[in-house]
Amino acid sequence: MSLRRVQVTDFRCLQSAALDLDPRFTLISGPNASGKTSLLEAIHVLSRGRSFRTRRLEHLIRHGAEQFVVFGEVDTTDRRIPLGVEGAASGIRAKIGGANASSLAELAVALPVQIIDPEIHRLIEEGPSRRRRFLDWGVFHVEHTFVAHWQRYRQALKQRNAALKSGQPRAAVAAWTVICCAMANS
């Protein structure tokens, strides 16, 4: 799967940009402050519905604009899928194949992106949980069904930990532990 086309409107410093991309290799170059990182960030938003630089949606909207739009076309083995993300003060919404996405996580299935950004040093500094999230995301790129299993595992683990904290009987905690271990090994 590859991103073949991207169009960006009113995203950070980019008023309007449209690029056709090679399916194997694309090099983005230009002078400082020309919008290279903003373009990469827009592609990341198209893939995940969020930025790798900020959690504040209003920081993604170009100064003076009311919203941003990022559109892309992804080639799969058998078809081309249009993706779109629109962000405004009221929130963010996404479309995949012309239909509203029920969650932003669906974007990652359509356009999986793994980024190594200037904050990559956090993999070392923040310990095993950060490294695990990074590795989980990498596994998802190889095995797309992984994310559904991972989400169920995380939910079961939260329920087990809540049972531990609330002092539930050992049998209840043991049952959640068995479920978590079975899910982790599947």
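These figures come from a predicted structure and were not determined experimentally. (Residues numbered from 1 in each chain as written. Predicted model: local features only at pLDDT ≥ 70, side-chain atom pairs only at ≥ 80, totals over all residues. Heavy atoms only, no water.)

## Considerations on helix H1 (residues 36-48)
No. 1: Look at H1: 19 Å from first C-alpha to last across 13 residues, which is about the 18 Å you get at 1.5 Å a residue.
No. 2: Burial of H1 is extensive: ten of the 13 residues sit out of reach of the surface.
No. 3: Burial in H1 covers these residues: Ser38, Leu39, Glu41, Ala42, Ile43, His44, Val45, Leu46, Ser47 and Arg48.
No. 4: Taken from the residues just after H1, glycine 49 is the one with a positive phi, measuring 80 degrees. (Helix = DSSP H or I, 4+ residues; strand = E, 2+ residues; numbered from the N terminus. Expected span 1.5 Å × (residues − 1). Buried < 20%, exposed > 50% of the residue type's maximum accessible area, 1.4 Å probe, protein only.)

## Considerations on the sheet that holds strand E5 (residues 91-96)
No. 1: As summarised here, the arrangement of the six strands in space is E2-E1-E3-E4-E5-E6, forming an open sheet in which the pairing is antiparallel. Either end of the sheet is taken by a strand with one partner, and the two such strands are strand E2 (14-20) and strand E6 (99-100).
No. 2: In this sheet, strand E3 (residues 67-75) lies alongside strand E1 (residues 2-11) in antiparallel orientation, the contact comprising seven bridges. Paired with glutamine 7 across the strands is phenylalanine 71, a residue of E3.
No. 3: In the packing of H1 onto the sheet, contacts are made with E1, E2, E3, strand E4 (80-88) and E5, and the angle to E1 comes to roughly 110 degrees. (Pairing = 2+ DSSP bridges. Contact = heavy atoms within 4.5 Å. Axes fitted to C-alpha atoms, helices over the stretch in contact; angles between N-to-C directions.)

## Considering the side chain of serine 51
No. 1: Mapping serine 51 onto the fold places it in the loop between H1 and E3.
No. 2: Only 2.4 Å separates the side chain of serine 51 from the side chain of glutamate 41, close enough to count as a polar contact.
No. 3: Polar side-chain contacts of serine 51 include one of 2.7 Å to the backbone nitrogen of arginine 53. (Polar contact = N/O pair within 3.5 Å; in protein donor to acceptor, adjacent residues only side chain to side chain.)

## Comments concerning the side chain of histidine 44
No. 1: Mapping histidine 44 onto the fold places it in helix H1.
No. 2: In this structure, histidine 44 is in contact with Gly49, Arg50, Ser51, Phe52, Val113 and Ile115, ignoring residues within four places of it in sequence.

## A word on the environment of arginine 133
No. 1: Structurally, arginine 133 can be placed in helix H4 (residues 128-142).
No. 2: The exposure class of arginine 133 is partly exposed, given its relative accessible area of 43%.

## Examining the nonpolar core
No. 1: By size, the foremost hydrophobic cluster in this structure holds 27 residues, and its most contacted members are Leu3, Val6, Val8, Phe11, Phe68, Val70 and Leu83.
No. 2: Contributing elements (two or more residues each) for this core: E1, H1, E3, E4, E5 and helix H2 (105-110).
No. 3: Broken down by element, this core gets its largest block of residues, five residues, from H1.
No. 4: Beyond its immediate sequence surroundings of up to four residues, phenylalanine 68 is in contact with Thr9, Asp10, Phe11, Val45, Leu57, Leu60, Ile61, Val85, Glu86, Gly87 and Ile92. (Core = buried A, V, L, I, M, F, W, Y, C linked by side-chain atoms within 4.5 Å.)

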